[in-house]
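What follows is each chain in one-letter form.
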Amino acid sequence: MRPAPSQRPRRLPKSSELLLSLLPTLALSTQKMVRDTTIASGRGPVAVHLPDGIDDVQKFARLPLVVYLHGYGGTADGFDQQFGLHAGHIDKNNMIVLMPDGRRDELGRRYWSAWGDWVGGCDAESTSYASYGDGWSYSDSSEQLRRDATDGKSIAPPWAPENCRREETQPPSELPTPSSSGGAGPEAVWARTGCADDDAAYLRELVAAAANLWRVDFGRIYAYGHSNGAAMAYRLACEASDLFAGVIAFAGVPPPADSAVGCAPSRPLRVLHIHATQDFTVPYAGALEATAAFTDYNGCRSPLPPGAAVAGATAGAERSLDLSERVIGKETEVFAAAGCATGSEVTLWKLLCENHNPRMTARYRTLVMEWLLQSDHHCDPLDAGCRVR
């Protein structure tokens, strides 16, 4: 007995069958085309994003490299989610991305030893950060820091400098936490993974480790950081411009030339500074200090146009961009210094009405990648395989 027409299995149209047959392929094509791995760095494994086809690409070309530098209390993974490059862009443009985590300070928060106050706290006298909601503010009171770290409860642990270790000796899962009782004693101390001022040397070694594994384009090595990480990027610009072709600094400030660290780049380099006008953690004035300093270091004939110094909207920007998810319209004004030394630049992206922790659009990530790929910084003349792009 044949089933009634309503009970017979219906055959899909050929077009639908074809679409279903392609679904596995379509799903595969939308997956991240990035190979994730780690490399040894002397402080534990460091996450790395690699283009999926790196094995074939590096047979005939050298690859640009960028180092992510997270803000105080952050992580490389958090930076990647908030500011990182698109996986598709990394693969398409054959970019190597290094994602190190900073060491821990006395409060257990990760940081970069940039300069001056832009470091973690390693003793009771040092100026450190205290967490306040979405932003960070400075405090030179260790007692206040302790209260901030424990929801108002004073724990008074021994924050002596000798408790700072130069390198991490325990896996993160074994790091002790403050005593639940809040009492003093070693059990109340967050394990610190180092307070020595050697992050610049460490990041040099990290890039060298990557260059030993993959064919890195020595003319396109960049540091890209936010807040404390942006200050660290500027530290690298000041004393490692022989290695780094440029930096992207989001809400950070470079060390003054007359500071203990100083700033004396060995050659001009590319600088992209990004800053929000409503940043009350690192005020917008820091953008003007940073761009003025590198306009001088790069030998630019003229500074940024006057509109850059205005915290509000102006008519003197080179162009306007829509880079924030929070602000409607084209809130970002672009300014650039003129007549900088060959292979260098100083550019400012001024974000109107945004704060220290902005929400950036996909367009922002695209333009950051485009900026990284525009470099014409000279490659190492001793490297016969180096190509200037």
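Position numbers for residues start from 1 in each chain and track the written sequence from start to end. Totals for whole chains, interfaces and linings use every residue, but because this is a predicted model, local features are given only for residues with pLDDT of at least 70 and side-chain atom pairs only at 80 or more, for both listing and counting. Think of the side-chain values as coming from all heavy atoms in the structure, minus any hydrogens and water.

Trainee: Help me understand the sheet that holds strand 12 (residues 319–321), please; the structure alone is not making it clear to me.
Mentor: In a beta sheet, neighbouring strands pair by backbone hydrogen bonds and run either parallel or antiparallel. In this description, strands pair whenever DSSP reports at least two bridges between them. Secondary structure elements follow DSSP: runs of H or I of four or more residues count as helices, runs of E of two or more count as strands, with numbering from the N terminus. Here 10 strands make up an open sheet; going across it, the order is 1-2-4-3-9-10-11-14-13-12 and the pairing mixed. Single-partner strands in this sheet number two, and they are strand 1 (34–40) and strand 12. Strand-to-strand, the axes of this sheet are offset by a mean angle of 20 degrees, without reference to chain direction. In this fold helix 3 (residues 76–83) packs onto strand 2 (45–51), strand 3 (63–69), strand 4 (96–99), strand 9 (216–226) and strand 10 (246–250), with an angle of close to 90 degrees to the strand it touches most, strand 9. Only the stretch in contact is used when fitting a helix axis, every axis being a line fitted to C-alpha atoms; angles between N-to-C directions are given from 0 to 180 degrees. Should any heavy atoms of two residues lie within 4.5 Å, those residues are counted as being in contact.

Trainee: Would you take a moment to explain the packing of aromatic side chains for this structure?
Mentor: Aromatic rings considered in pairs are described by the distance between their centres and by the relative angle of their planes. Two rings belonging to Phe, Tyr or Trp (six-membered ring only in the last case) form a pair when the distance between their centres is within 6.5 Å. Interplanar angles under 30 degrees mark stacking, angles over 60 mark edge-to-face geometry, and anything in between is tilted. Evaluation of the coordinates by the stated rule reveals 10 aromatic pairs. Aromatic side chains F250 and Y364 sit 6.2 Å apart centroid to centroid with 65 degrees between the ring planes, which places their arrangement in the edge-to-face category. In this pair, F250 is assigned in strand 10 and Y364 in helix 9 (residues 362–373), connecting sequence segments 114 residues apart. In this pair, the class of F250 matches that of Y364, namely buried. Consider the rings of W349 and Y364, whose centres lie 6.2 Å apart with planes at 80 degrees: the pair is edge-to-face. On the criterion of sequence distance, the pair formed by W349 in strand 14 (residues 345–351) and Y364 in helix 9 is long-range, its members being 15 residues apart. Using a 1.4 Å probe on the protein chains alone, a residue whose accessible area is under 20% of its type maximum counts as buried, one over 50% counts as exposed, and one in between counts as partly exposed. Note on Y364: relative accessible area 0%, which makes it buried.

Trainee: What's the story with unusual backbone geometry in this structure? I'm lost.
Mentor: When glycine is set aside, most residues are seen to have a negative phi, and most peptide bonds are trans. Located in the positive-phi region is N94, a residue other than glycine, with phi close to 55 degrees. Within the secondary structure layout, N94 lies in the loop between helix 4 (87–92) and strand 4. By relative accessible area, N94 is classed as partly exposed at 21%. At C353, a residue that is not glycine, the phi angle is positive and equals roughly 70 degrees. Positionally, C353 belongs in the loop between strand 14 and helix 9. When its relative accessible area of 58% is taken as the criterion, C353 is described as exposed.

Trainee: Would you explain the state of the cysteines in this entry?
Mentor: Disulfide: a pair of cysteine sulfur atoms within 2.5 Å of each other. The tally for this structure, following the rule as stated, stands at 2 disulfides. Here C300 is linked by a disulfide to C340, with a sulfur-sulfur distance of 2.0 Å. Sign of the S-S torsion, about 100 degrees for the bond between C300 and C340, identifies this disulfide as right-handed. Within this pair, whereas C300 is found in the loop between helix 8 (285–297) and strand 12, its partner C340 is found in the loop between strand 13 (332–336) and strand 14, the two being separated by 40 residues in sequence.

Trainee: What's the story with the nonpolar core in this structure? I'm lost.
Mentor: One broad rule of soluble globular proteins: the nonpolar side chains tend to lie buried together. One finds I96 and L98 to be the most contacted residues of the largest nonpolar core, which totals 58 residues. Sort the elements by how many residues they give to this core and helix 7 (residues 228–239) lands first, with 8 residues. Beyond its immediate stretch of four places on either side in the chain, I96 contacts V48, H49, L50, I54, L63, P64, L65, V66, W214 and V216. If you look at the next biggest cluster of nonpolar residues, it comprises 33 residues, including I90, I248, I274 and V334. Definition used in this section: a nonpolar core is a set of buried Ala, Val, Leu, Ile, Met, Phe, Trp, Tyr and Cys residues joined via side-chain atoms within 4.5 Å.

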